[in-house]
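As a plain string of letters, each chain reads:
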Amino acid sequence: MRLTTRIALVMGLAMPLLVLGSGALLLRLVTRDVHAEQDAHLRERAAVLLPLARGLLRTEESGQPRKAANRERQLLDAGLDVGVRLLAAGGGPVTDGSAGGDPAVSGRNTTTGGGPQGYRVVAAAGPQPPAPASLPVAAPDPVTVRARGQAWRALSVEVGGANARKGPRGTLWVFSRGSAGTAEVTAVQHRILVVALIAAPLAGLLSWAIAERATRPLRRLQRRAGGLDPGTSTARLDHAPSRITEVDDLARTLQTVLSRYDEQAARTQEALATARAFSATASHELRTPLMGMQTNLDVLTDHPDLDPDDRADVLADLRSGQQRLMATLIALRALAQGDLVEADAFGVVDLSELVAAAVADVERHVARHHPGVRLTLRLTPGLMLSAWEPGLRMAVDNLLRNAVVHGSRAGLPARIEVALRPGGRPADPVAVLTVDDDGPGIAPEERQQVFQRFHRRAGSPGSGLGLTLVAQQIALHRGTVRILDRPTGTGVRFEVHLPRPGDPAADTRTLELPLHRAWLSEVPGEGTHELPTRA
């Protein structure tokens, strides 16, 4: 069901209910006004009749029947359009006056049910409840009396006063029919029903028209969004502000969703490109060691009686080729991981502990394979930063292994110094990691080339990807890496700067990784590698 139809139906039902509710309140107010008018008329008649009723009771008590009859007629005639009933205290005889046209009032010389116990009817006429109807003891304020399906408004006035020591006592009752304002109330009821019946369709039609116009921007947005196909077209949602908050918010949400779709689609394409680059690079770089291994295997197969020394050389060459093959595959996999890592993999890392653990592992390795190599470590504990721990550990490991392999002169064991300290300005703190060796060094014009893929010095046993991994991971961590001369003596220094927030746990910045990361398939450009952050 359309939104406009729903609104029209709801308003078509709500409007009559609102009219009926308002009508009930109006009816109550009209009824109260009618009663107020009746009550005012009763009080006015009671004020006129009270002196006549007092005179009638005194005349009756004096024993003058003829004069009492005349006063009774005066009392009843003065009642006009209201009913009159005069009750006297006690049960003495009274004259037989006329009952004023109400056949229900009779037996005026005895106590009756027409008034409180111990009172007798002295005179009665006009519209009033029948004699058997029970009246309250007193009604100084008008009340409603019901009998035989009819209602009357009744008002009582004490004649002579209850505390009077002399003179007769009695009660004057005046009545008016409850149906006096029924016509007005009924007319109001009919009008309320008519208005409710008319308001239902009119409210529905008017609401439908208003809703149809109000939802027009929403329908336009639906048509624009419905015509978009992110998979086949680069067209995106173009929304002009409609000054309708809900529609504009929905449009912005759709634009955000489409933007995220584009980002994910681009990341998917980047992942596919990385996979293709991995396959192409691996097939190209592994061809040479595989062909060398194939040649050595052919030599062993074709010459089963090969000299033991030559056989040992061939097997050593096979072992070296296999190690190079494994190192290349591992490095390529690591580069692919760096190209595909997402920001949610980053967390708080203790860089001091990470560097200390990496140095300890390298010391165990050189103790077995490179005896004589000496490592020294100086670090400041507790340097925390936001990092992808596996990638950062990979970068530190490759820096240390590069120093072990290339950081020594011919015939001399390597001397490696590792230092970690805080640095930078107070407003922009960094962690500074340096790795110094006493090797032959690197010429300034060649220092940028060492970060390129498969760049190897002659005779290097590595894959040529170790420093590429270092540059990739430092760039992912928004840091910089550069090659300097060693401050003292010969050799080279690798200096890494990594941003370090004052409180990494409270750092709410979102790491923004670049969409295009092609360390696996492209040669890095000149300069340091840095990534921005977004607050």
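Remember, it's a predicted structure, so these values are computed and weren't measured experimentally. (Residues numbered from 1 in each chain as written. Predicted model: local features only at pLDDT ≥ 70, side-chain atom pairs only at ≥ 80, totals over all residues. Heavy atoms only, no water.)

Turning our attention to the sheet that holds strand S12 (residues 492-499). With mixed pairing, five strands are arranged side by side in an open sheet as S7-S9-S10-S12-S11. In this open sheet, the two edge strands, each paired with only one partner strand, are strand S7 (374-379) and strand S11 (480-485). Within this sheet the neighbouring strands show an average axis-to-axis angle of 20°, counted without direction. Here six bridges tie S11 to S12, and the two strands are oriented antiparallel to one another. By the bridge assignment for S12, Leu-484 is matched with Arg-493. Across the sheet, helix H8 (residues 389-406) lies against strand S9 (415-425), strand S10 (428-437) and S12, angled at about 30° from S10, the strand it touches most. (Pairing = 2+ DSSP bridges. Helix = DSSP H or I, 4+ residues; strand = E, 2+ residues; numbered from the N terminus. Axes fitted to C-alpha atoms, helices over the stretch in contact; angles between N-to-C directions. Contact = heavy atoms within 4.5 Å.)

Another aspect to go through is a positive patch on the surface. Side chains of Arg-213, Arg-216, Arg-220 and Arg-223 sit close together on the surface and give a patch of like positive charge. Per-element tally for the positive patch: the top contributor is helix H4 (residues 216-226), with three residues. Of note, Arg-213 is situated in helix H3 (residues 182-214). Owing to a relative accessible area of 58%, Arg-213 belongs among the exposed residues under this scheme. (Patch = residues over 30% accessible without salt bridge, like charges linked within 9 Å, V, L, I, M, F, W, Y side chains within 5 Å. Areas by Shrake-Rupley, 256 points an atom, 1.4 Å probe, with all protein chains shown as cover. Salt bridge = Lys/Arg side-chain N within 4 Å of Asp/Glu carboxyl O. Lys, Arg positive; Asp, Glu negative; His and termini not counted. Charge placed at Lys NZ, Arg CZ, Asp CG, Glu CD. Buried < 20%, exposed > 50% of the residue type's maximum accessible area, 1.4 Å probe, protein only.)

So, about helix H7 (residues 351-369). Here H7 is 19 residues long and its end C-alpha atoms lie 27 Å apart, about the 27 Å a rise of 1.5 Å per residue gives. Within H7 the residues assigned to the buried category are Leu-351, Ser-352, Leu-354, Val-355, Ala-358, Val-359, Val-362 and Val-366. The buried residues of H7 occupy an angular sector of 155° when projected down its axis, which confines them to one face. Opposite the buried face of H7, at more than 90 degrees from it, the exposed residues are Glu-353, Ala-367 and Arg-368. Two or three places before Ser-352, at the opening of H7, Asp-350 has a side-chain oxygen 3.0 Å from that residue's backbone nitrogen. (Expected span 1.5 Å × (residues − 1). Arc of directions from axis to C-beta. Polar contact = N/O pair within 3.5 Å; in protein donor to acceptor, adjacent residues only side chain to side chain.)

With that out of the way, let us pick up the packing of H8 against helix H9 (residues 466-476). Their axes nearest at 8 Å, the elements H8 and H9 cross at an angle of 145°. Two packed elements cross with a definite hand, and for H8 against H9 that hand is left-handed. Counting all contacts with H8, which are made through Gly-391, Leu-392, Met-394, Ala-395, Asn-398, Leu-399 and Asn-402, the residues of H9 involved are Gly-466, Leu-467, Leu-469, Val-470, Gln-473 and Ile-474. In terms of residue class, the contact of H8 with H9 is made up of eight nonpolar, five polar and no charged. (Left-handed = near helix turned anticlockwise from the far one by under 90°. Nonpolar A, V, L, I, M, F, W, Y, C, P; charged D, E, K, R; others polar.)

This paragraph deals with the nonpolar core. Counting 40 residues, the largest nonpolar core has Leu-351, Leu-399, Leu-400, Ile-416, Leu-433, Phe-451 and Phe-494 as the members making the most contacts within it. Looking at this core, the elements with two or more residues in it are H7, strand S8 (384-387), H8, S9, S10, H9, S11 and S12. Formed by 22 residues, the second largest nonpolar core is a distinct cluster that contains Ala-53, Val-82, Val-84 and Leu-86. (Core = buried A, V, L, I, M, F, W, Y, C linked by side-chain atoms within 4.5 Å.)

Strands sit in the order S2-S1-S5-S4-S3 across an open sheet of five strands; the sheet is antiparallel. Both outer strands of the open sheet, strand S2 (119-125) and strand S3 (143-147), are each paired with one neighbouring strand and no more. Shown here is a sheet whose adjacent strand axes are inclined to one another by a mean of 30°, direction ignored. Against the sheet, helix H2 (residues 65-78) contacts strand S1 (83-89) and S2, and its axis sits at roughly 60° relative to S2.

Moving on, we get to the pattern of salt bridges. In total, this model carries 11 salt bridges according to the counting rule given. With a closest N to O distance of 3.5 Å, Asp-141 and Arg-43 form a salt bridge. Within this pair, whereas Asp-141 is found in the loop between S2 and S3, its partner Arg-43 is found in helix H1 (residues 3-62), the two being separated by 98 residues in sequence. Residue Asp-141 is classed as exposed on the basis of its relative accessible area of 52%. In this structure, Arg-425 and Asp-428 form a salt bridge, with 3.9 Å as the shortest nitrogen-oxygen distance. What makes Arg-425 exposed here is its relative accessible area of 57%. Residue Asp-428 is classed as partly exposed on the basis of its relative accessible area of 39%. Each of Asp-361, Arg-364, Arg-393 and Asp-397 takes part in one network of salt bridges that share partners.

To continue, consider the environment of Val-137. Of note, Val-137 is situated in the loop between S2 and S3. Taking the relative accessible area as the measure of exposure, Val-137 reaches 68% and is therefore exposed. Separated by 19 residues in sequence, Val-137 and Ser-156 have C-alpha atoms that sit 9.0 Å apart.

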